[in-house]
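Structural overview
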Amino acid sequence: MRRAAWLLGLLLAACSATLTVPLPDQVLDLPGLTDTAGQVAYPKEPLSFDPPPVSVIRGIRVEGILEASLPLNATIEFYARTQDPKTDPSCQAFASFYLCPVGPGDEKAGEAAFQGSTQAAFTLQGNRLLEGLRAGRFFLGLKASGLPAGPLRLTFKNMKAYLTVGL
């Protein structure tokens, strides 16, 4: 029995592959926002792209670089959602972003740690990312405190989604 389970696992692993999907860069301007007060700041526009032409996706991992216009000493938590914050009555609109309380449609997807630098690598995972990838759009937001008081531009760069596809 144990040998049969091992053989089945080996066969299923052989029926899967990793597909890389490049994602577009995204900019989030936070003019004077030093603390999201436990809420998530989402850009006004979703991250949009052509969904991959596969039907069976078993897992997702997104890697990229978050670039800040000023040096930061902060850990930034990333959240993903598929619902447009514009249609969410609990979200508050600002000039360039929405500020939303964490709700059932939001999923913590990862974090990036800045240590007096302007760039930090990140890795994201989660079901909301997977749903958004299948749909070709999702909102990627952040929760942070200790941000500089001046205008801050955060750019998600060089993002690639690594998909595990197969049976």
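The sections below set out a description of the structure shown in this document. (Residues numbered from 1 in each chain as written. Predicted model: local features only at pLDDT ≥ 70, side-chain atom pairs only at ≥ 80, totals over all residues. Heavy atoms only, no water.)

Below, the discussion takes up the state of the cysteines. Defined simply, a disulfide is a covalent bond joining two cysteines at their sulfur atoms. Summed over the entire model, instances satisfying the criterion amount to one disulfide. Each sulfur of the disulfide joining Cys91 and Cys100 lies 2.1 Å from the other. Between Cys91 and Cys100, the S-S dihedral sits near 115°, and the bridge is therefore right-handed. By relative accessible area, Cys91 is classed as buried at 13%. On the basis of relative accessible area, Cys100 is assigned to the buried category, the value being 0%. (Disulfide = S-S within 2.5 Å. Buried < 20%, exposed > 50% of the residue type's maximum accessible area, 1.4 Å probe, protein only.)

Next up on the list: helix α2 (residues 127-135). For α2, the full list of buried residues reads Arg128, Leu129, Leu130, Gly132 and Leu133. Packed against the buried residues of α2 are β5 (57-72), β6 (75-81), β9 (107-113), β10 (117-124), β11 (137-143) and β12 (151-166). One or two residues past the end of α2 sits Gly136, with phi positive at roughly 85°. (Helix = DSSP H or I, 4+ residues; strand = E, 2+ residues; numbered from the N terminus. Contact = heavy atoms within 4.5 Å.)

Our focus in this paragraph is the nonpolar core. Ranked by size, the top nonpolar core spans 40 residues in total, and within it Leu23, Leu30, Ile76, Phe78, Leu142 and Leu154 carry the most contacts. Among the elements that take part in this core, β12 stands out by supplying seven residues, more than any other. If we skip the residues at most four places from it in the chain, Leu23 touches Leu47, Phe49, Val62, Leu133, Phe138, Met159 and Ala161. If you look at the next biggest cluster of nonpolar residues, it comprises seven residues, including Val40, Cys91, Tyr98 and Phe139. (Core = buried A, V, L, I, M, F, W, Y, C linked by side-chain atoms within 4.5 Å.)

On to the environment of Thr123. Considering the arrangement of structural elements, one finds Thr123 in strand β10. The spatial distance from the C-alpha of Thr123 to the C-alpha of Asp50 is 21 Å, given a sequence separation of 73 residues. Excluding residues within four positions of it along the chain, Thr123 makes contact with Arg61, Val62, Glu63, Ala109, Gly110 and Glu111.

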